[in-house]
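Spelled out, the chains give:
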2 protein chains.
Amino acid sequence: MTYCVGLMLNEGIVCLSDTRTNAGLDNISTYRKMFSFEVPGERIILIMTAGSLSVTQTTLAKLDEAATDTEATPKSSILLAPTMLQVAQMIGQTLSETSEKIANRMGSNASSASASMIVAGQRKDGEMRMFLIYPEGNFIEATADTPYLQIGEHKYGKPILDRVVTTETSLADAKKAVLLSMDSTLRSNLSVGMPLDLAVIEKDACRVTESRRIMDQDETFNEMSRAWSEALRDAFVGVKV
Amino acid sequence: MTYCVGLMLNEGIVCLSDTRTNAGLDNISTYRKMFSFEVPGERIILIMTAGSLSVTQTTLAKLDEAATDTEATPKSSILLAPTMLQVAQMIGQTLSETSEKIANRMGSNASSASASMIVAGQRKDGEMRMFLIYPEGNFIEATADTPYLQIGEHKYGKPILDRVVTTETSLADAKKAVLLSMDSTLRSNLSVGMPLDLAVIEKDACRVTESRRIMDQDETFNEMSRAWSEALRDAFVGVKV
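These numbers come from a predicted model, not from an experiment. (Residues numbered from 1 in each chain as written. Chains lettered and ligands numbered in written order. Predicted model: local features only at pLDDT ≥ 70, side-chain atom pairs only at ≥ 80, totals over all residues. Heavy atoms only, no water.)

A. Layout of the overall build of chain A. Along its length, chain A carries five helices and 12 strands. The C-alpha radius of gyration of chain A comes to 18 Å, within 12% of the 18 Å expected for a compact globule of 241 residues. Summarising its shape, the C-alpha atoms of chain A cover approximately 65 × 45 × 30 Å along the three principal directions. Looking at the 241 residues of chain A, the share that counts as buried comes to 52%. Taking all contacts inside chain A whose residues are at least 6 apart in sequence as the whole, residues at least 24 apart take part in 61%. Accessible area for chain A stands at about 10800 Å²; split by element, carbon and sulfur atoms hold 48% of it. Separation of charge centres in chain A, based on 24 positive and 31 negative side chains, amounts to 3 Å. (Helix = DSSP H or I, 4+ residues; strand = E, 2+ residues; numbered from the N terminus. Rg over C-alpha atoms; globule rule 2.2 N^0.38 Å. Buried < 20%, exposed > 50% of the residue type's maximum accessible area, 1.4 Å probe, protein only. Contact = heavy atoms within 4.5 Å. Areas by Shrake-Rupley, 256 points an atom, 1.4 Å probe, with all protein chains shown as cover. Lys, Arg positive; Asp, Glu negative; His and termini not counted. Charge placed at Lys NZ, Arg CZ, Asp CG, Glu CD.)

B. Fine view of the side chain of B:Thr2. Residues and elements named next belong to chain B. Looking at where Thr2 falls in the secondary structure, it is placed in the segment before strand S1 (3-9). For Thr2, a relative accessible area of 5% gives the class buried. At a separation of 2.9 Å, a polar atom in the side chain of Thr2 contacts the side chain of Lys33. Every residue in contact with Thr2, bar those within four places of it in the chain, is listed here: Asp18, Arg20, Lys33, Thr49, Ala50, Ile151, Gly152, Glu153, Ser191 and Val192. (Polar contact = N/O pair within 3.5 Å; in protein donor to acceptor, adjacent residues only side chain to side chain.)

C. A look at the state of the cysteines. All names here are of chain A. If you walk through the whole model with that rule in mind, you get zero disulfides over all chains. Unpaired in terms of disulfides, Cys4 finds its nearest cysteine sulfur in Cys15, a separation of 8.8 Å. By relative accessible area, Cys4 is classed as buried at 0%. Since its relative accessible area comes to 1%, Cys15 is described here as buried. (Disulfide = S-S within 2.5 Å.)

D. The relation of the copies chain A and chain B, seen in detail. For the pair chain A and chain B, the superposition axis carries a translation of 0.0 Å, the fit reaches an RMSD of 0.0 Å, and the rotation angle comes to 180°. The two molecules are tied by a two-fold rotation axis, judged by turn and shift. Among all C-alpha atoms of chain A, that of A:Tyr156 lies closest to the rotation axis, at 2.7 Å. Of all interface residues in chain A, 100% are interface residues in chain B too; the two copies therefore contact each other through one and the same surface. (Least-squares fit on C-alpha atoms with pLDDT ≥ 70 in both.)

E. Structural context of the sheet that holds strand S10 (residues 148-152) of chain A. All names here are of chain A. Taking strand neighbours across the sheet as the criterion, the five strands line up as S10-S1-S2-S11-S12 in an open arrangement whose pairing is antiparallel. At either margin of the open sheet sits one strand with a lone partner, and together these are S10 and strand S12 (210-214). Averaged over all pairs of adjacent strands, the angle between their axes in this sheet comes to 10°, without regard to strand direction. Sheet topology note: the strand S2 (residues 12-17)/strand S11 (residues 196-202) ladder contains six bridges and is antiparallel. For Cys15, the partnering residue across the bridge sits in S11 and is Ala199. Contacting strand S1 (3-9), S2, S11 and S12, helix H4 (residues 171-188) crosses the sheet at an angle of about 20° to S2. (Pairing = 2+ DSSP bridges. Axes fitted to C-alpha atoms, helices over the stretch in contact; angles between N-to-C directions.)

F. Structural detail: the pairing of strand S11 (residues 196-202) of chain B. Residue and element names in this part refer to chain B. For S11, the tally of buried residues reaches six of seven residues, placing the bulk of the element in the interior. As defined by bridge partners, S11 adjoins strand S12 (residues 210-214) across five bridges and the pair is classed as antiparallel. Opposite Leu196, over in S12, you have Ile214 as the bridge partner.

G. Quick look at the interface of chain A and chain B. Contacts between chain A and chain B engage 33 residues on the former and 33 residues on the latter. The contact between chain A and chain B buries some 3000 Å² in all, and 69% of this surface belongs to carbon and sulfur atoms. Per-residue buried area on chain A facing chain B is highest for A:Arg163, A:Phe236 and A:Val241; these three make up 29% of the total on that side. The tally of links between chain A and chain B comes to four salt bridges. Two residues, B:Arg163 and A:Asp183, come together in a salt bridge whose shortest N-O distance is 3.3 Å. Linking chain A to chain B there are 14 residue pairs in polar contact (both at pLDDT 80 or more). Counting residues per element, the ones that place at least two in the side of chain A that touches chain B are helix H3 (158-164), H4 and helix H5 (219-238) of chain A. In terms of residue count, the dominant contributor to the side of chain A that touches chain B is H5(A) (11 residues). For the side of chain A that touches chain B, the residue count by class is 17 nonpolar, five polar and 11 charged. (Buried area = accessible area lost by both parts, 1.4 Å probe. Salt bridge = Lys/Arg side-chain N within 4 Å of Asp/Glu carboxyl O. Nonpolar A, V, L, I, M, F, W, Y, C, P; charged D, E, K, R; others polar.)

Here is the structure:
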């Protein structure tokens, strides 16, 4: 499984992903699930992935190949596409084609050849946008009503987002919200695991303005996790029934 | 969907269930999912149900018929069975037989003819016990390590239980914990809905010592829900990253 979450706020975009990949409980590995395509100051596209590793790796390899091709065109490269909407469409198209090809080879196991992605970013003179791309290539977009998107194991970490995140949330609070959302998920689902990748894209910067890998022994994260547990227990004691 | 949760603590048993039943989003009804078989002071068996309504209703009707039969024996009636373990086995057996019969009639839709149950109780001179009975009739039991069991939509309400519930938890705190666990679930899953049924079985009382139906407009519950939201937001503000 996986947990990735992205927030689209007035001040910018905050994304967090875990790195655990597993084929059964007895075959666990660490793979990065957050990828950026960037022309600093001109365009930033951040992609987070969930689902079949062979599908997501192949999709990203194809997108990368098309983007770095010397004959790349606005129709073929996500770094040249004129709008973020077209970027999402291109990624959706590549994802569904890759998934279909792999599923065809897998026969009756085809259902495991699917993947979904969160695509967030901005091009110069454009708006920040964030999409959740489904395995079939269609997508939905984050809006002011629901300024966050999740893929993978989304349930454990949703209550905290519902309670504290609005488009007005500051980037500092947003980082805290995604980390606490991940903390709840890590506690309850073994197939979501450390280390974590955190990225912040400030509005109009058109580049990743903060990027951090949070390791298992990260003291700040562990201290936050401990403080949150304690605050929850205190809150529990304080509530009257 | 459904959410039912049971805690087995040193001081007694606390159970909470919702009442929403749905066949699709456009066909929603209210059905009680908590049932008690009781000989006050002698034996209490509390059953909570999740899954196919036709399976759970038929299973309960059969258990009731067998228990009230004038020729009931310790082998046929859960009110006469010598131990709680045998009660769980009888319920499991009845559940799996009912489910199989209905599934056979449903052909390719057979997968929707399944249900699970939480069975909690105590007989005089016996221990309190609590079981989660799977659709196939097998079961697991609550233990000191994990003193709670859940059926239905269990994910949203699990973090609070993990953080505050141990076998040492008082009955008052246990009621609060299950209500807050339900509150998180109600917020996130439309197929779990009010009113709620709450039951407490104090240790060695061998009867339901507190039983409450909590309606949609229940002021105490709404006030608790509001206070918990506020406490969570305060806790969020207080945590440093």
